[in-house]
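# Notes for the structure review
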Amino acid sequence: MHEMSIAQSILDIALEEIARQGCDRLDLIRVECGALAGVVPDSLQFCFEALVQGGPHAAARLEVVSLPLRLRCSACGRTFGGEGQEALWQPCPACGALTGHTVEQGKELQISHLEASASGGQDS
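Keep in mind that this is a model prediction, so the values were computed, not measured. (Residues numbered from 1 in each chain as written. Predicted model: local features only at pLDDT ≥ 70, side-chain atom pairs only at ≥ 80, totals over all residues. Heavy atoms only, no water.)

Counting 19 residues, the largest nonpolar core has Ile-10, Leu-26, Ile-29, Leu-44, Phe-48 and Leu-62 as its most contacted members. Going through the elements one at a time, helix 1 (3-20), strand 1 (25-34) and helix 2 (41-52) are the ones with two or more residues in this core. If you tally residues by element for this core, the top one is helix 1, at 6 residues. Residues contacting Leu-44, with those up to four places away along its chain left out, are Glu-3, Ile-6, Ala-7, Ile-10, Val-39, Leu-62 and Val-64. By size, the runner-up hydrophobic cluster in this structure holds 8 residues, among which are Ala-35, Leu-69, Cys-92 and Ala-97. (Core = buried A, V, L, I, M, F, W, Y, C linked by side-chain atoms within 4.5 Å. Buried < 20%, exposed > 50% of the residue type's maximum accessible area, 1.4 Å probe, protein only. Helix = DSSP H or I, 4+ residues; strand = E, 2+ residues; numbered from the N terminus. Contact = heavy atoms within 4.5 Å.)

See below:
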């Protein structure tokens with residue numbers, strides 16, 4: 001399950017950033033996960049919870065935002081897509097072209113939002 005190493009990397013990046021901002025308590029991490037990222041959101045959530053359990057960031061939450069696949073037809077330029085990887089194999093709804101589509105969205109795996117606070121209770 002590679003989601004454990006991904007969850008650890010996400011946590012490490014978040015902790016590094018909140019320390020840089022003068023905070024010491026992680027409250028929320030929002031991650032955007034594309035349909036082609038190769039990550040199972042529920043597994044990522046489970047792994048994150050296992051990593052923070054019993055530690056100083058036990059109350060931290062991970063929100064995973066699933067991004068649908070968005071393709072641009074190389075033949076006619078129309079943008080289309082769908083929710084899962086199966087959308088990658090759909091013909092263009094405008095011209096019927098089967099191949100050569102450009103992936104405009106769906107490969108992402110990125111932290112899009114962090115919330116943290118300092119010991120004094122001030123939000124950052």
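Here the narrative resumes.
Strand order in the open sheet formed by 3 strands is 4-3-5, and the pairing between neighbours is antiparallel. Pairing within the sheet leaves two strands with one partner each, and these edge strands are strand 4 (79-82) and strand 5 (102-105). The sheet shows a mean angle of 35 degrees between the axes of neighbouring strands, taken without regard to direction. Where strand 3 (residues 69-72) and strand 5 come together, 3 bridges link them in antiparallel fashion. Looking at strand 5, one finds that Arg-72 is bridged to Thr-102. (Pairing = 2+ DSSP bridges. Axes fitted to C-alpha atoms, helices over the stretch in contact; angles between N-to-C directions.)

The UniProt feature table records "binding site: Ni(2+)" (unreviewed entry) at His-2. Mapping His-2 onto the fold places it in the segment before helix 1. Among residues more than four places away in sequence, those in contact with His-2 are Gly-38 and Val-39. (UniProt positions renumbered as here; feature names shortened; annotations may be inferred.)

What follows deals with the packing of helix 1 against helix 2. Remark: helix 1 packs on helix 2, axes separated minimally by 8 Å, with the N-to-C direction vectors making an angle of 60 degrees. With respect to their mutual orientation, helix 1 and helix 2 come out oblique. Note that helix 1 runs across helix 2; the crossing there is right-handed. For the pair helix 1 and helix 2, the contacting residues are Glu-3, Met-4, Ile-6, Ala-7, Gln-8, Ile-10 and Leu-11 in the first and Ser-43, Leu-44, Cys-47, Phe-48, Ala-50, Leu-51 and Val-52 in the second. When grouped by side-chain class, the residues that make up the contact of helix 1 with helix 2 number 11 nonpolar, 2 polar and 1 charged. (Parallel < 35°, antiparallel > 145°, perpendicular 65-115°, else oblique. Left-handed = near helix turned anticlockwise from the far one by under 90°. Nonpolar A, V, L, I, M, F, W, Y, C, P; charged D, E, K, R; others polar.)

This next bit is on the environment of Ala-60. One can find Ala-60 in the loop between helix 2 and strand 2 (61-67). Between the C-alpha atoms of Ala-60 and Leu-26, which are 34 residues apart in sequence, the distance is 5.6 Å. What Ala-60 contacts, discounting residues up to four positions off in sequence, is Leu-26, Asp-27 and Phe-48.

On to the pairing of strand 3. Side chains Leu-69 and Leu-71 of strand 3 all project onto a buried face; the interleaved residues Arg-70 and Arg-72 project onto a face where none is buried. Note: strand 3 against strand 4, 4 bridges, orientation antiparallel. Residue pairing for strand 4: Arg-70 is matched across the bridge by Gly-81. Taking the residues that link successive antiparallel strands as the turn, the strand 3-strand 4 hairpin has 6 residues, and the phi of Gly-77 there is positive, at about 85 degrees.

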